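A structural walkthrough
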Amino acid sequence: MSLVEQINKQNVPQHIAIIMDGNGRWAKQQGENRIYGHYEGVNSVRAVVEAAGEVGVKYITLYAFSTENWNRPKEEVDALMELLVSTISAETPQLNKKNVRLQAIGNLNSLPPACLEELNESIELTSKNTGLTLVLALSYSAKWELIDAVKQIATQVKNGSLAIEDISEKHFEQGLCTKNIPDPELMIRTSGEHRISNFLLWQLAYAEFYFTEKLWPDFRKDDLYEAILNYQNRERRFGKTSEQLTQP
Ligand code: FPP
């Protein structure tokens with residue numbers, strides 16, 4: 001049986017978050033410069049989006065550019081921004097064809113105007129699609145997002161529209177970039193690194209983590225299916241005991 005056939009369609013994570021890592025190392029292995037790795041990484045993005053849609057995943061969030069990535073050499077940052085613009089522009093018709101809706105999270109106003117424009121256009125053009133939602137984390141940092149949410153709460157308390165004792169998880173979540181998106185059940189990181197790197201710190205509270213040695217440009221459809229199968233073999237207890245889960 002192929003990997004995809006082994007997946008239990010009743011227990012597919014509705015949201016998968018991915019830290020796409022290892023593009024630079026992959027390029028180095030090929031004797032190429034780092035940017036070549038990012039270009040090949042786009043082929044993995046395409047494959048994973050297709051695979052996720054096919055098995056019924058509802059949301060996929062890709063960590064495409066962190067706030068910390070602005071500190072990379074200018075040449076690499078410029079190339080990544082250009083790659084984002086050209087990929088989003090070229091892929092939008094395909095996204096529509098596959099019924100994929102594009103969204104973005106992060107400090108989007110810090111993106112170059114051309115990038116933001118292309119992004120907003122694609123978000124608008126795909127907004128009516130009802131299949132998979134592809135969320136790009138761009139200029140994203142979870143600490144930035146959390147502080148921003150705190151500022152929103154503090155403003156509401158200051159202007160009297162919110163009492164301190166009424167602050168709840170639900171309230172707090174309204175201040176996050178992901179306010180209308182369910183939390184990921186599965187987080188995948190490629191390239192053998194076992195870190196969370198300032199990604200979705202609040203939203204990953206109960207996620208299952210899956211780490212693979214594969215470098216992102218080598219991560220394709222079957223690798224996503226393997227991660228989902230691995231997830232399906234885990235017991236998610238949410239703080240309860242194993243016995244509590246099996247009792248009627
Ligand atoms: C991490 O590998 C990868 C990135 C910082 C960029 C990822 C971006 C893409 C794959 C392009 C995405 C495009 C779209 C439209 C989503 P690294 O450079 O940190 O690799 P290294 O750890 O081996 O140096």
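Structure: above.
Residues numbered from 1 in each chain as written. Predicted model: local features only at pLDDT ≥ 70, side-chain atom pairs only at ≥ 80, totals over all residues. Heavy atoms only, no water.

Before going further, it helps to examine the site of the ligand. For the ligand, the set of nearby residues contains 16 residues, the closest of which are Asp21, Gly24, Arg25, Arg34 and Arg72. Between Asn23 and the ligand, the recorded distance is 3.1 Å, taken from a backbone N or O atom to an oxygen atom. Here an oxygen atom of the ligand sits 2.8 Å away from a polar atom, N or O, in the side chain of Arg34. Contact with the protein chains covers 91% of the free accessible surface of the ligand, which is 630 Å². Elements supplying a minimum of two residues to the shell around the ligand: helix H2 (23-29), helix H3 (34-55) and helix H4 (74-97). Residues that form the shell around the ligand fall into these classes: five nonpolar, seven polar and four charged. (Near = heavy atom within 4 Å. Polar contact = N/O pair within 3.5 Å; in protein donor to acceptor, adjacent residues only side chain to side chain. Areas by Shrake-Rupley, 256 points an atom, 1.4 Å probe, with all protein chains shown as cover. Helix = DSSP H or I, 4+ residues; strand = E, 2+ residues; numbered from the N terminus. Nonpolar A, V, L, I, M, F, W, Y, C, P; charged D, E, K, R; others polar.)

So, about the environment of Ile164. In this structure, Ile164 sits in the loop between helix H6 (142-158) and helix H7 (169-173). Judged by relative accessible area, Ile164 falls into the exposed class, the value being 59%. For the pair Ile164 and Ala154, spaced 10 residues apart in sequence, the C-alpha separation works out to 9.1 Å. (Buried < 20%, exposed > 50% of the residue type's maximum accessible area, 1.4 Å probe, protein only.)

Counted under the stated rule, the structure contains eight aromatic pairs. Taking 6.1 Å as the distance between ring centres and 90 degrees as the angle between the ring planes, the aromatic pair formed by Phe209 and Phe211 counts as edge-to-face. You can call Phe209 partly exposed: its relative accessible area is 29%. Classification of Phe211 by relative accessible area gives partly exposed; the value is 29%. Taken together, the aromatic side chains of Tyr63, Tyr140 and Phe199 make up a single cluster linked through ring pairs. (Phe/Tyr/Trp six-rings, centres within 6.5 Å; stacked < 30°, edge-to-face > 60°.)

Our next topic: the sheet that holds strand E3 (residues 101-105). In sheet architecture, strand pairing relies on hydrogen bonds along the backbone and comes in two forms, parallel and antiparallel. One open sheet accounts for six strands, arranged E3-E4-E2-E1-E5-E6; its pairing is parallel. Strand pairing shows two members of the sheet lacking a second neighbour, E3 and strand E6 (208-211), which therefore form its edges. Each adjacent strand pair in this sheet contributes to an overall mean axis angle of 20 degrees, direction not counted. Examined bridge by bridge, E3 and strand E4 (residues 133-140) share five bridges and lie parallel to one another. Looking at E4, one finds that Ala104 is bridged to Leu136. Lying on the sheet, helix H8 (residues 221-232) is in contact with strand E1 (15-19), strand E5 (186-189) and E6; it crosses E5 at an angle near 135 degrees. (Pairing = 2+ DSSP bridges. Axes fitted to C-alpha atoms, helices over the stretch in contact; angles between N-to-C directions. Contact = heavy atoms within 4.5 Å.)

Another point: H4. Here H4 is 24 residues long and its end C-alpha atoms lie 35 Å apart, about the 34 Å a rise of 1.5 Å per residue gives. Of all the bends in H4, the greatest reaches close to 45 degrees and is centred on Glu91; the proline Pro93 follows between one and four positions later. For H4, the complete set of buried residues consists of Glu76, Val77, Ala79, Leu80, Met81, Leu83, Leu84, Thr87, Ile88, Glu91, Thr92 and Leu95. Residue Asn99 follows H4 closely and has a positive phi angle near 65 degrees. (Expected span 1.5 Å × (residues − 1). Bend = angle between axes of the 7 residues up to and from the residue.)

Counting residues in each nonpolar core, the largest one holds 44 residues, and the members touching the most others are Ile18, Leu119, Leu134, Ile188 and Leu224. Not counting the four nearest positions on each side in its chain, Leu134 is found in contact with Val49, Ile60, Leu62, Leu95, Val100, Arg101, Leu102 and Gln103. (Core = buried A, V, L, I, M, F, W, Y, C linked by side-chain atoms within 4.5 Å.)

Attention shifts here to H6. In a regular helix each residue adds 1.5 Å, so 17 residues correspond to 24 Å; H6 covers 24 Å between its end C-alpha atoms and thus fits that length. Considered for burial, the residues of H6 that qualify are Ala142, Glu145, Ala149 and Ile153. Along the axis of H6, the buried residues cluster in a sector spanning 75 degrees; they form a single face. Facing away from the buried side of H6, by more than 90 degrees, are the exposed residues Lys143, Ile147, Lys151 and Lys158. For H6, the elements touching its buried residues are E4 and H7. Positive backbone phi, at 85 degrees, marks Gly160, one or two positions downstream of H6. (Arc of directions from axis to C-beta.)

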